[in-house]
Amino acid sequence: MNPRKLTTLRNFNQVLLFFVLLFAILYYAKTFLIPVVTSALFAMLLVPICQKLEQWRMKRGWAAVLVVLISMSIIMAVLYVLISELVGLGGDIVVIGKRINMLLDQTHAFVTEHFNVSRIKQKEYLQKQLSEWSNATGKVVGGAVFSIISLVGNVLIVTIYTILMLIYRQRIKWFALQLVKRHAGYDEIGHAKTIVGKITKVSSLYVGGVFSVVLILSIIYFTGLTLIGVRNALFFALLAALINVIPYIGSVLGGAIVVLYTLITGDSLTTSIIVAIFFTAVQQLDSYVLTPKITGGKVKLSPLFTIMGLLLGGMVWGAAGMILFIPILGICKVIFDNVDLLKPYGHLIGD
């Protein structure tokens, strides 16, 4: 075989093996990696605030603890409001049950009239399905309880990780620079410092921008849904704004949930149509004004690779991956853009 072809094949196999090992590690180590990556992004967001407190002569450890605890308190307060509002939705269960029964009766009549299937056979089929669903529901409820316990544990882990990363951030930076010095030479340390600074800035602005968009959308959604007359407007406003963190998919999913709720609990289609129009208008505002102005200029990823990152993140890390893989891809782009050999890749995934 031609030596050049053999070398090309060997290089291709090495690249393929690298990606296989990378995604295998990401998948099987996700329980460990997700809190670490979340903490790293959160720490980058809080670095400017922590530095400001340190300039006011506050010790680094106390500044890190204070900033992280205040931030976590705000997040936990939002979660508490969501759970409280969710409990308030219990009053609509009776209405939802009646509407579902009415829809079932209409469906039974339609199937009997057009497909000549008796109500008895339809009910037997439904009872069989309900029996299977009830078994699955037990597993889901058990999984939900475990998820809540896991969530509380992860919040505690992320809090500790973030505090420690803020305290030891100079040591982590020194470690990265020493690796550059060892493998690329002393002359590249200044360039590496620039890249580290850009990564910290991009991550901080992007994560901060995401929180800003969530806050703005929460206010807009709450005001609009309250004026329209949707019950539990605060819950659906917060839910839709938080789901909007997932690019492209989140905005559609958040609006669909509210429209479906108004369809089931409302007395007419008018409210659902108004809600659908309202969410469509806000999505346009978010897509063309809020996100491009607040977060879009920070990461600068093409829609193609953003969607690919979403799908890949969902496959590897689930819902957490759909949120975390976008800033990770943005960090990769910063590195690509500042390393000559990798610039073509930065151009490829850039907007």
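Reading the values: rules and limits
- Residues numbered from 1 in each chain as written.
- Predicted model: local features only at pLDDT ≥ 70, side-chain atom pairs only at ≥ 80, totals over all residues.
- Heavy atoms only, no water.
- Buried < 20%, exposed > 50% of the residue type's maximum accessible area, 1.4 Å probe, protein only.
- Helix = DSSP H or I, 4+ residues; strand = E, 2+ residues; numbered from the N terminus.
- Core = buried A, V, L, I, M, F, W, Y, C linked by side-chain atoms within 4.5 Å.
- Contact = heavy atoms within 4.5 Å.
- Phe/Tyr/Trp six-rings, centres within 6.5 Å; stacked < 30°, edge-to-face > 60°.
- Salt bridge = Lys/Arg side-chain N within 4 Å of Asp/Glu carboxyl O.
- Axes fitted to C-alpha atoms, helices over the stretch in contact; angles between N-to-C directions.
- Parallel < 35°, antiparallel > 145°, perpendicular 65-115°, else oblique.
- Nonpolar A, V, L, I, M, F, W, Y, C, P; charged D, E, K, R; others polar.
- Patch = residues over 30% accessible without salt bridge, like charges linked within 9 Å, V, L, I, M, F, W, Y side chains within 5 Å.
- Areas by Shrake-Rupley, 256 points an atom, 1.4 Å probe, with all protein chains shown as cover.

Chemist: Sorry if this is basic, but what is going on with helix 8 (residues 233-243) here?
Modeler: Of all 11 residues that make up helix 8, eight are buried, and the element is covered over most of its length. Within the sequence span of helix 8, burial applies to A233, F235, F236, A237, L238, A240, A241 and I243.

Chemist: Just to check I follow, could you spell out the nonpolar core for this structure?
Modeler: Nonpolar side chains in soluble globular proteins generally cluster together in the buried interior. Y221, L225, F279 and W317 are the most contacted members of the largest nonpolar core, which totals 63 residues. No other element matches the 12 residues that helix 2 (residues 30-55) contributes to this core. Excluding residues that lie within four positions of it along the chain, F279 makes contacts with Y221, L225, A240, G254, G255 and V258.

Chemist: Is there a simple way to think about the side chain of N338 in this case?
Modeler: Relative to the assigned elements, N338 resides in helix 12 (residues 319-338). Look past the residues within four positions of N338 in its chain and what remains in contact with it is H191, I195 and K198.

Chemist: Hey, could you run me through the packing of aromatic side chains in this one?
Modeler: Both the distance between ring centres and the angle between the ring planes are used here to describe each pair of aromatic rings. A full pass over the atoms with the stated rule returns 10 aromatic pairs. An angle of 75 degrees between the planes, with centres 6.2 Å apart, marks the rings of Y221 and F278 as edge-to-face. Here Y221, found in helix 7 (residues 189-228), pairs with F278, found in helix 10 (residues 269-299); they are 57 residues apart in sequence, far enough to count as distant. F278 shares its class with Y221; the two are buried. Between F336 and Y345, the ring centres sit 6.0 Å apart and the planes meet at 50 degrees, which makes this aromatic pair tilted. Taken together, the ring pairs connect F18, F19 and F23 into an aromatic cluster.

Chemist: Help me understand the pattern of salt bridges in this model?
Modeler: Tallied over the entire structure, the rule returns four salt bridges. Ionic pairing is found between E54 and R60, a salt bridge with its closest N-O pair at 3.3 Å. For R169, the salt bridge identified is with E54, shortest N-O distance 2.9 Å. Of this pair, R169 sits in helix 6 (residues 169-184) while E54 sits in helix 2, and the two are 115 residues apart along the sequence. Each of E54, R60 and R169 takes part in one network of salt bridges that share partners.

Chemist: What am I meant to see in the packing of helix 8 against helix 9 (residues 249-265) here?
Modeler: For any two helices packed against each other, the geometry is given by the interaxial angle and the distance between the axes. The interhelical angle for the contact between helix 8 and helix 9, taken along N-to-C directions, is 155 degrees, at an axis separation of 7 Å. Relative to helix 9, the element helix 8 lies roughly antiparallel. Taken together, the residues of helix 9 that come into contact with helix 8 (itself represented by F236, L239, A240 and I243) are G250, L253, G254, I257, V258 and Y261. The class makeup of the residues in the contact of helix 8 with helix 9 is eight nonpolar, two polar and no charged.

Chemist: For this particular structure, what's the right way to read the environment of P35?
Modeler: Checked against the element boundaries, P35 lands in helix 2. A residue is classified by how much of its surface remains accessible, and P35, at 6% relative accessible area, is buried. Between the C-alpha atoms of P35 and Y161, which are 126 residues apart in sequence, the distance is 7.9 Å.

Chemist: I tried to follow unusual backbone geometry on my own but got confused; where do I start?
Modeler: A negative phi holds for most residues other than glycine; trans holds for most peptide bonds. Not every positive phi belongs to a glycine, and R57 is a case in point at roughly 70 degrees. Relative to the helices and strands, R57 is located in the loop between helix 2 and helix 3 (60-88). Using a relative accessible area of 80% as the deciding quantity, one classes R57 as exposed. Not every positive phi belongs to a glycine, and N232 is a case in point at roughly 55 degrees. Relative to the helices and strands, N232 is located in the loop between helix 7 and helix 8.

Chemist: Help me understand a nonpolar patch on the surface, please; the structure alone is not making it clear to me.
Modeler: On the surface, a nonpolar cluster with roughly 470 Å² of combined accessible area is contributed by L156, I160, L164, Y168 and I172. Here the nonpolar patch gets three residues from one element, more than from any other, and that element is helix 5 (residues 119-167). With respect to the helices and strands, I172 occurs in helix 6. The partly exposed category is assigned to I172, whose relative accessible area is 48%.

Note that all results are geometric; they support no functional claim without further evidence.
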